[in-house]
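Summary of the model geometry
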Amino acid sequence: PTEHLWQCRRVRRGWKQEVELPGRWTTTWLPKELRPRFTPEALGLVARWSQGRLREMDLRGCVKVGCGALWLECDSLRGLGALRLNQEEQARTLPRALRMCPELQALTTIDLRFCPGVDDELVSLIAKTCPALQDVNLRGCLVSNDGVMTVVQCCPLLVHLD
């Protein structure tokens, strides 16, 4: 979150300028203790600062951030390859994000393990919208064999399915 970023700058002179350097951000992986405080506004800042170089977005445990925040930052997500989610609100808002943000259709990895709200319907939409998927993790989700088969049929580049 922005307020924490600004507080940390005292650790090193010019830290804020360092954080805002274009292309500095390639992932949104956060320590577990910061994830519940990560906000859509902070995600927007990170996405804009990444300038299209964001490769992985890990929103597991980020209870304040739904996928609606993703489609608001579409232009900054053009290089995104991996998306990791585990909140019910994220699963609920993912279909709209996929429809509104064509950049997400180039995802190669999606990790939805133990994400409530992931079912055959959502998995089918993801598979049909993101045919470049190579790594799909659905462990602990309510997905039947039909959902798994849809992923296999729609994602010809699939290498790993859990």
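The paragraphs below set out a description of the structure included in this document. Numbering of residues begins from 1 in every chain and follows the order in which that chain's sequence is written. Only residues with pLDDT of 70 or above have their local features reported here, since the model is predicted, and side-chain atom pairs are shown and tallied only from 80 upward, although totals for entire chains, interfaces and linings are computed over all residues. Side-chain numbers here rest on the full set of heavy atoms in the structure, without hydrogens or water.

Concerning the overall build of the protein chain
Counting from the N terminus, the helices are the DSSP runs of H or I reaching at least four residues and the strands are the DSSP runs of E reaching at least two. The helix and strand tally for the protein chain stands at 7 helices and 5 strands. Counting from the amino terminus, the protein chain carries its helices and strands in the arrangement α-α-α-β-α-β-α-β-α-β-α-β. Across the 162 residues in the protein chain, those meeting the buried criterion constitute 45%. Contact criterion: two residues are considered in contact whenever any of their non-hydrogen atoms come within 4.5 Å of each other. Sequence separation of 24 or more characterises 76% of the internal contacts of the protein chain that already satisfy a separation of 6 or more. To be clear on the numbers: accessible area is Shrake-Rupley with a 1.4 Å probe, and residue cover counts the displayed protein chains and nothing else. As displayed, the protein chain has an accessible area near 8600 Å², and 52% of this comes from carbon and sulfur atoms. For each residue, the accessible area found with a 1.4 Å probe, counting protein chains only, is set against the maximum for its type, and the residue is called buried under 20%, exposed over 50%, and partly exposed in between.

Some remarks on the packing of helix α5 (residues 88-100) against helix α6 (residues 120-129)
Running from N to C, α5 and α6 point in directions that differ by 30°, and their axes come no closer than 10 Å. One element, α5, and the other, α6, form an angle in the roughly parallel class. Handedness of the α5/α6 crossing: left-handed. Residue-level inspection shows Ala91, Leu94, Pro95 and Leu98 of α5 in contact with α6, the latter providing Leu122, Leu125, Ile126 and Thr129. A class-by-class count of the residues in the contact of α5 with α6 yields 7 nonpolar, 1 polar and no charged. Between N-to-C directions, angles span 0 to 180 degrees; the directions come from axes that are lines fitted to C-alpha atoms, helices contributing only their stretch in contact. When describing relative orientation, an angle under 35 degrees is termed roughly parallel and one over 145 degrees roughly antiparallel, while 65 to 115 degrees is termed roughly perpendicular and anything else oblique. By convention the crossing between two helices is left-handed if the near helix lies anticlockwise of the far one by an angle smaller than a right angle, and right-handed if it lies clockwise. Residue polarity follows a fixed list, in which Ala, Val, Leu, Ile, Met, Phe, Trp, Tyr, Cys and Pro are nonpolar, Asp, Glu, Lys and Arg are charged, and the others, Gly among them, are polar.

Examining the side chain of Thr93
Along the chain, Thr93 turns up in helix α5. Here a polar contact is taken to be a pair of N or O atoms separated by no more than 3.5 Å, where protein atoms must pair a possible hydrogen donor with a possible acceptor and residues adjacent in sequence count only if both atoms sit in side chains. A distance of 2.9 Å separates a polar side-chain atom of Thr93 from the backbone oxygen of Glu89.

Notes on the sheet that holds strand β5 (residues 160-161)
Strand pairing is assigned whenever DSSP identifies at least 2 bridges connecting the two strands. With respect to topology, 5 strands assemble into an open sheet ordered β1-β2-β3-β4-β5, the strand pairing being parallel. For this open sheet the edge positions go to β1 (56-58) and β5, each flanked by a neighbour on one side alone. With 3 bridges joining them, strand β3 (residues 109-111) and strand β4 (residues 135-137) adopt parallel strand pairing. Considered in β4, the bridge of Ile110 is made with Val136.

Considerations on unusual backbone geometry
The backbone of Phe114 shows a phi angle near 55°, a positive value even though the residue is not glycine. Inspection of the secondary structure assignment puts Phe114 in the loop between β3 and α6. You can call Phe114 exposed: its relative accessible area is 54%.

Thoughts on the side chain of Asp111
With respect to the helices and strands, Asp111 occurs in strand β3. Its relative accessible area of 3% is what places Asp111 among the buried residues. Polar contacts involving the side chain of Asp111 include one to the side chain of Arg113, which spans 2.8 Å. Setting aside its immediate chain neighbours within four residues, Asp111 contacts Arg60, Leu83, Arg84, Leu85 and Asn137.

Geometric descriptors of this kind do not, in isolation, establish any biological role.
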